Amino acid sequence: MKSNLQLDAKGLSCPMPIVKTKKAIDTLISGEILEVQVTDKGALADIPAWAKAGGHTILDKSEDAGVITFFIQKA
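Everything numeric here is computed off the predicted structure, so don't read it as measured data.

What counts and how
- Residues numbered from 1 in each chain as written.
- Predicted model: local features only at pLDDT ≥ 70, side-chain atom pairs only at ≥ 80, totals over all residues.
- Heavy atoms only, no water.
- Helix = DSSP H or I, 4+ residues; strand = E, 2+ residues; numbered from the N terminus.
- Buried < 20%, exposed > 50% of the residue type's maximum accessible area, 1.4 Å probe, protein only.
- Lys, Arg positive; Asp, Glu negative; His and termini not counted.
- Salt bridge = Lys/Arg side-chain N within 4 Å of Asp/Glu carboxyl O.
- Polar contact = N/O pair within 3.5 Å; in protein donor to acceptor, adjacent residues only side chain to side chain.
- Contact = heavy atoms within 4.5 Å.

Novice: What is the right way to read the overall build of the chain from this model?
Specialist: Across its full length, the chain holds two helices and four strands. Each helix and strand of the chain, placed in order from N terminus to C terminus, yields the pattern β-α-β-α-β-β. Overall, the C-alpha framework of the chain stretches about 30 × 25 × 15 Å when taken along its three principal axes. Split into buried and exposed, the 75 residues of the chain put 35% on the buried side.

In structure tokens, the structure reads:
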């Protein structure tokens, strides 16, 4: 999937992946896509909950070799 911006939040623990994701998505315009890579397992629940609260859409989520990748479309 093509994204407008990539965020590497690997190695960070809660709440930093969410903090960095919010800062990154704030730089995008509505409809653009943010790709976020994290290793914190808590992000599996935290990022979808944060996205839903902000009206953003999780377009895709995958996990490979301990790295979780989210594609989030800005509301």
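Alright, that's what it looks like, and here's the rest.
Novice: I keep staring at the side chain of Lys74 and nothing clicks. Help me out?
Specialist: Structurally, Lys74 is set in the segment after strand E4 (67-73). In this structure, Lys74 is buried with no salt-bridge partner, the nearest side chain bearing the opposite charge being Asp26 at 4.8 Å. Among the polar contacts listed, one links the side chain of Lys74 to the backbone oxygen of Leu28, at a separation of 2.7 Å. Once you skip the residues sitting within four places of it in the chain, Lys74 turns out to touch Ile25, Asp26, Leu28, Ile29, Ser30, Gly31, Glu32 and His56.

Novice: For this particular structure, what's the right way to read the environment of Gln6?
Specialist: With respect to the secondary-structure elements, Gln6 resides in strand E1 (residues 5-9). For Gln6, a relative accessible area of 52% translates into the label exposed. Sequence separation of Gln6 and Lys22 is 16 residues, and the distance between their C-alpha atoms is 13 Å. In this structure the side chain of Gln6 is engaged in a polar contact, spanning 2.7 Å, whose partner is the side chain of Ser3.

Novice: Would you take a moment to explain unusual backbone geometry for this structure?
Specialist: In most cases, non-glycine residues show a negative phi, while peptide bonds are predominantly trans. Along the chain, Cys14 connects to Pro15 via a cis peptide bond; the corresponding omega equals 5°. Note that Pro15 resides in the loop between E1 and helix H1 (16-25). One non-glycine residue with positive phi stands out, namely Ala65, at about 55°. Mapped onto the secondary structure, Ala65 falls in the loop between strand E3 (57-64) and E4.

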